[in-house]
Amino acid sequence: MLTDARHALRRWSRRPAFTAIAILTLALGIGATTSIFSVADAVLLRPLPWPESDRLVAIYTVLPEQRLVRATQATWNRSRVTWPTWTDLRASTAFSAVAAWSTEEYTAGDDRSEIVPVIHASSALLPMLGALPGVGRFFTADEDIKAARIVVISHDVWQRRFGGRSSIVGETLQLTLATPDARSAAYTIVGVLPPALRIKNEAPEFILPIGLSPISWRETDQLTLDVVARLAPGVSLDAASAAAAPIVRSGLAPEQRSSRIVPLADDVIGEAGFEIALLLAGAGLLLIISCSNVAGLLLGDAWARRSEVAVRLALGGDRGRLLRQLAVEHLLLAGVASLVGLMLAIWLTPVFVALAPGSLPRLSVDFAGLDLRITTFAIGLGVVTSLVFGIVPSLTLAATPAAQILANSGREGSPRKHRAQRIAVAAQLALALVLIVGASLLGETIFRLTSQPIGFDPRNVAVISATFMGPPTWPVMTSPQPVDRSQLRQPPPPPDFGTADMLIRLAVLPNVVAVAGASAVPLVRLAPEVDIRADGCPENVTCRAQQVSVRGDYFRAMAVTPLRGRVFEPGDTGTPVTVVSRAFEQRYLDGDAIGRRIARASTPLSQYVVVGVVPDVPAQEFSDEHVPTFYRPGVGWASHFVVRTSRDAAASLPLIRAAFRDYDPKFVVTALTTMEARLAQSIAVERFRAILSAVFGGAAFVLAAIGLYGLAARRVADRRHELGVRVALGARPRDLQGLIVRDGLKTLAIGLLAGLPATIAGSQLLRSYLFGVSPTAPHVFLIAFVALALAALGAMVVPARRAGRVDVMETLRT
């Protein structure tokens, strides 16, 4: 065996080009596929880390009427449930346990500069997830309603804040609710969570009893609780859905409400399941292309060795030893390729994980590197490919009489062999067309998303979200008689909470050009929609638009240039003027907004005069449709601040945070980022798809070129005698070169025609992921055809030149 290995090394080293191509081709397929399969396994294939996770379900309220409301379009069929609904579900025999939780924002300790999410959970939640306390205990059923001020902390908090002290139980921790009333209290630590615990896709730092939640059970119409349940023994998902439906419908507006129960595994994975499935399909196609490419190379190599095999058998060589030597040669080739592919996968996998958007579930916590099962499968497939397509032809030759092989050694290969090679290469081209078109579609989607006008300049802009934690400092307005708000032309101004002072402090920071406050900011927070009345709205039709209240120099800070009219001036504060978006003007004001009047339907007497029209801006995502929007000069608290700087805004973020902290500890920054970072985040999922598809498409392009090169080179070698005869009969070198090129283009045409139906079908699967481009856009298919044609021509240059330099005398002597 050692002798066979040395012989194999010598043989492969004498053919460096062939060996390198075979190894790199197989390694590319194994490396890329293993990386994608490992990521997919972490997200999609591994079971949830909870006992009997297949019996766990999530229960939601379905509100069909909210499908028409922009803010709830994505969640209309998975709304939360009310407290009374959760209480009634616990009494149902369809479930052996029902747990609920809600999330609130708190600050921990004396430092109020950082918001932390705190979960209020019922006592059944942690046991349902199979969690055992690392230290201390969890909550009891009695504490679901009448809870003491106790808290369970995460393992990370235990290590980071308390140094992992075993005596942590009984110590106290100050938590403050991040609301204007800033309720603060000392909570006694009773337990520590196990490491890396996640509740669905959340990693809580602190868990309080649900009985301490600010949600009151008396608020029967508040959909505020997330609910998970374990199905009772013998109860199916359909039976549980039937049992839960009347309980959910027993609340408000039963004619519009229903329930929806989904397996918790599907709920955790969400829409990522189909996306990962597409990535798996792309990786599988790439692996098939790689293996078929190597198969074609090894088939040609086996046929080229027919004379060697025949001579060894004619001289009395042992067939078993010959086959063993061939097996060692191809195992060595597959082993080296698998090792290189594994190294490529080790490098690629962290890159893919780093590129993955934060919305991809389970990847950041559960991912632990390459999966051994998937790696073994991919490497095994490479070994099988090498052995089958390398040894089987040799077995066929070994079974053929040596005299027959030697008699035919100078002739062109059999038509059946050429047909098999052409079919294999055509299949590679068909699969490559599928991947290249997919990559082109997703790449154009990114281009169209990032090149469309967004209505403002995101460069050098910092965006701050803040809340105010403290007791009210403004006078409480009271009235001895009920007041009809609709009769007030201007409602009382809301409290300022020091917003004006904060804008002044931000304006004097170094490099600051303009500052502003707003109730909503593009790509950061969705503005509320209100019913409006405008000249273009019929009386019997509800017209809706987003309302944004702004303070300071908002349009300058966002670098928004008015299309017509003007934007707000300092004297506009408190006056009935408004600025509308282009979509508002076109939809409700017949394309002529300046000087027109609009009003909220709830306060029809408070009318606003339109003084300007500004470009449309995206709401939360790049791909959002333009929503009619009107802006009002605000006078109250601004939950968001915009700061434009003369340099990179990221460098000013520490100064901005310090300005909030130094002004008043009651100001708590909940989010601080740059607009450019938020833009990148908004298309992170699309960029991830585009990059991975580009990797697949690029690899398929290279492999297709290699396959065509191998076919053309083999055809030249097999047709040496024919080419020599053609030269002897007067053929010119360019005639021979054209013969090889035409043969390769014929294979290309077969592959493209065969792959076109599969490509059209595959592109339809991407329809929901595309923006501004049709899945059957002709120019995308044309680009893919041209790219593969150029790859084919480039791959056939060397074989065609070799055919044009055929030596007539040497060829005819063989």
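Refer to the structure presented above.
Residues numbered from 1 in each chain as written. Predicted model: local features only at pLDDT ≥ 70, side-chain atom pairs only at ≥ 80, totals over all residues. Heavy atoms only, no water.

**What about the pattern of salt bridges?**
1) Next: In this structure the tally under the stated criterion is 14 salt bridges.
2) Next: For Glu-171, the salt bridge is made with Arg-165, and the minimal N-O distance between the two is 2.6 Å.
3) Next: Overall, Glu-171 belongs to the partly exposed group, its relative accessible area being 23%.
4) Next: Counted as one network, the salt bridges with shared partners bring together Asp-156, Arg-160 and Glu-205. (Salt bridge = Lys/Arg side-chain N within 4 Å of Asp/Glu carboxyl O. Buried < 20%, exposed > 50% of the residue type's maximum accessible area, 1.4 Å probe, protein only.)

**A look at the nonpolar core**
1) Next: Ranked by internal contacts, the top residues of the largest apolar core, which has 62 residues, are Leu-360 and Leu-788.
2) Next: Breaking this core down by element, the ones donating at least two residues are α2 (16-45), α8 (272-304), α10 (319-355), α14 (415-451), α20 (684-718), α22 (733-765) and α23 (778-804).
3) Next: Ranked by the residues each element gives to this core, the list is headed by α20, at 13 residues.
4) Next: Those residues in contact with Leu-788, other than ones at most four positions away along the chain, are Leu-429, Ala-432, Leu-433, Ile-436, Phe-701, Ala-704, Leu-748 and Leu-752.
5) Next: Counting residues in hydrophobic clusters, the runner-up holds 29 residues, among them Val-548, Val-579, Val-617 and Val-642. (Core = buried A, V, L, I, M, F, W, Y, C linked by side-chain atoms within 4.5 Å. Helix = DSSP H or I, 4+ residues; strand = E, 2+ residues; numbered from the N terminus. Contact = heavy atoms within 4.5 Å.)

**Things to note about helix α6 (residues 237-249)**
1) Next: The end-to-end C-alpha distance of α6 is 18 Å, a good match for the 18 Å that 13 residues give at a rise of 1.5 Å each.
2) Next: Of the surrounding secondary structure, the elements contacted by the buried residues of α6 are β1 (56-62), α3 (83-90), β2 (95-108), β9 (226-231) and β10 (258-263). (Expected span 1.5 Å × (residues − 1).)

**Points about the side chain of Ser-763**
1) Next: Position of Ser-763 among the secondary structure elements: in helix α22.
2) Next: Among the polar contacts made by the side chain of Ser-763, one reaches the main-chain carbonyl oxygen of Pro-775 at a distance of 3.0 Å.
3) Next: Beyond its immediate sequence surroundings of up to four residues, Ser-763 is in contact with Leu-441, Pro-775, Thr-776 and Phe-781. (Polar contact = N/O pair within 3.5 Å; in protein donor to acceptor, adjacent residues only side chain to side chain.)

**Section: the packing of α3 against α6**
For any two helices packed against each other, one specifies the inter-axial angle together with the distance between the axes.
1) Next: It is the contact of α3 with α6, at a shortest axis distance of 9 Å, that shows an interaxial angle of 145 degrees. Considering how the two elements wind past one another, α3 and α6 form a crossing that is right-handed. Residues Thr-85, Asp-88 and Leu-89 of α3 lie in contact with α6, whose contacting residues are Ala-244, Ile-247 and Val-248.
2) Next: Class assignment of the residues belonging to the contact of α3 with α6 gives a composition of 4 nonpolar, 1 polar and 1 charged. (Axes fitted to C-alpha atoms, helices over the stretch in contact; angles between N-to-C directions. Left-handed = near helix turned anticlockwise from the far one by under 90°. Nonpolar A, V, L, I, M, F, W, Y, C, P; charged D, E, K, R; others polar.)

**Remarks on unusual backbone geometry**
1) Next: Non-glycine residue Asn-460 carries a positive phi angle of around 60 degrees.
2) Next: Inspection of the secondary structure puts Asn-460 in the loop between α14 and β11 (461-468).
3) Next: Non-glycine residue Asn-511 carries a positive phi angle of around 70 degrees.
4) Next: Checked against the element boundaries, Asn-511 lands in the loop between α15 (499-507) and β12 (512-518).

**A look at the environment of Thr-85**
1) Next: Structurally, Thr-85 can be placed in helix α3.
2) Next: Between the C-alpha atoms of Thr-85 and Ile-247, which are 162 residues apart in sequence, the distance is 6.5 Å.
3) Next: Leaving out residues up to four positions away in the same chain, Thr-85 has contacts with Ile-247 and Val-248.
4) Next: Engagement of the side chain of Thr-85 in a polar contact is seen with the side chain of Thr-82, the distance being 2.8 Å.

**With respect to the packing of α15 against helix α18 (residues 653-663)**
1) Next: Where α15 contacts α18, the axes come no closer than 10 Å and their chain directions differ by 140 degrees. With respect to their mutual orientation, α15 and α18 come out oblique. Crossing of α15 against α18: the hand is right-handed. Along the contact surface, α15 presents Asp-501, Met-502, Arg-505 and Leu-506, while α18 presents Ile-656, Ala-659, Phe-660 and Tyr-663.
2) Next: Across the contact of α15 with α18, the residue classes break down as 6 nonpolar, no polar and 2 charged. (Parallel < 35°, antiparallel > 145°, perpendicular 65-115°, else oblique.)

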